[in-house]
Structures are given as C-alpha cells and as structure tokens.
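Residue-level structure breakdown
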Amino acid sequence: MKSTNCCLTTKDRAVLEIMLERRRAFADPIVQMLEHKLSSADIVPIDSVGPDIVTLNSRVVFSVDAGHAETRTLVQNEVRGPVGSSLSVATRRGLCMLGMAQGQAASIEHVDGRRESILIKAVLYQPEAARRAVRQKDRTDGRRPHGLTLVYSAADDWRPLGETAGMRQTEDDDPGPSAA
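A brief report on the enclosed structure follows.

Analysis parameters
Residues numbered from 1 in each chain as written. Predicted model: local features only at pLDDT ≥ 70, side-chain atom pairs only at ≥ 80, totals over all residues. Heavy atoms only, no water. Helix = DSSP H or I, 4+ residues; strand = E, 2+ residues; numbered from the N terminus. Buried < 20%, exposed > 50% of the residue type's maximum accessible area, 1.4 Å probe, protein only. Contact = heavy atoms within 4.5 Å. Pairing = 2+ DSSP bridges.

A few words now on the environment of leucine 95. With respect to the helices and strands, the residue leucine 95 is situated in helix H3 (residues 92–97). The buried category is assigned to leucine 95, whose relative accessible area is 0%. Taking the C-alpha atoms as reference, leucine 95 lies 10.0 Å from leucine 56; in sequence the two are 39 residues apart. For leucine 95, the contacting residues outside a window of four places in its chain are Leu16, Ile30, Met33, Leu34, Lys37 and Val89.

Right, dumping it as structure tokens:
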C-alpha cells in the first residue's frame, strides 16, 4: 500500500473522476488539485473506510489557519438548505478535506498563491459508518438487514383498481385528464 495522506472510497473516487473529466474541458484551475488527489489517494471499498475519514456527505468540524472551528457537511454539489451548512467538494477546501482523517492537517494553495492550512477536528457523521451501525443493529435484533418491511396488509378480498370487477364511474366523479 502506498504512503498517502488521503483515503478515498471507491464511490468518492468515481465522483472525483467524473468531476475531473468535466473540468478538464474548461481548463478549470482546480484540475491540478483533482489530479493530485486521485493519483496519491489510497482507494478503499465503501464498507471498509474508517469512521474517522471524511467522505462525501460527512458532517465535519474543521478549522482554517488555526481559526475558530466550523461545522459543515461535505457535499457533491451545493444544496438548498441553511446558508453555511454545506461545503462543496468542488471548492478547494472541500476537495482538500475529502479523504482526510480526524486530527489530520493539510495545506491548500489558492490560485493567487495564498496558502491556508486545514485541520480536521472531528467527523461528527459519516454515512458509511452510519450504514454499518444500522446493519450491525439489525443483525443483533435478528432482523434481515436488507429485507422489506410490511407496513400495511390489505384484506383478502381486496382487488387492484381495474381488475375483473371493472371500474365504475358515477355522475359526480371527475373523469380526469384522459377525458379532455
């Protein structure tokens, strides 16, 4: 295994590869950072990534240049929600944090030559770890981890609409859009 400061899941690597392909076409300045991240990262299956690694959709506490702590959810694209609650992986800070471990620090160089240091203080939530915890709980409860759960059971004499009994329309019924 190569020595690296970054650990990407197979899913996160695929997202970055697509992002790289699209951004190369526009000579985006983040292309070099994407190429470096992909070439130097250890790639692991989704089920075996450590719970302290920042993956897409992880909730992360971090600081920039030893400043005050910030909490964000690392997302693939900006999402609608409270302002300042997410950080896109398409930004230099977001891309830098992807694959970092809790307690790890890294440096980013911006287009203007300015450098900043990012420290991952905590990974509050990681979707892969949360899925593993649910599967483990289901196993200990004796449930099937990926089975369907029956939430409603119809009566024995119930028939789907339109089955042999036919549909009946009364005078007050709206015939719907097909009658237009």
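So much for the structure itself; the text now carries on.
Bridging between strand E3 (residues 59–64) and strand E7 (residues 115–125) involves six bridges; their strand directions are antiparallel. Bridge assignment links valine 60 to a residue of E7, and that residue is valine 123. The pairing of strand E6 (residues 105–109) with E7 spans five bridges and is antiparallel. Along E7, the bridge assignment pairs alanine 105 with leucine 119.

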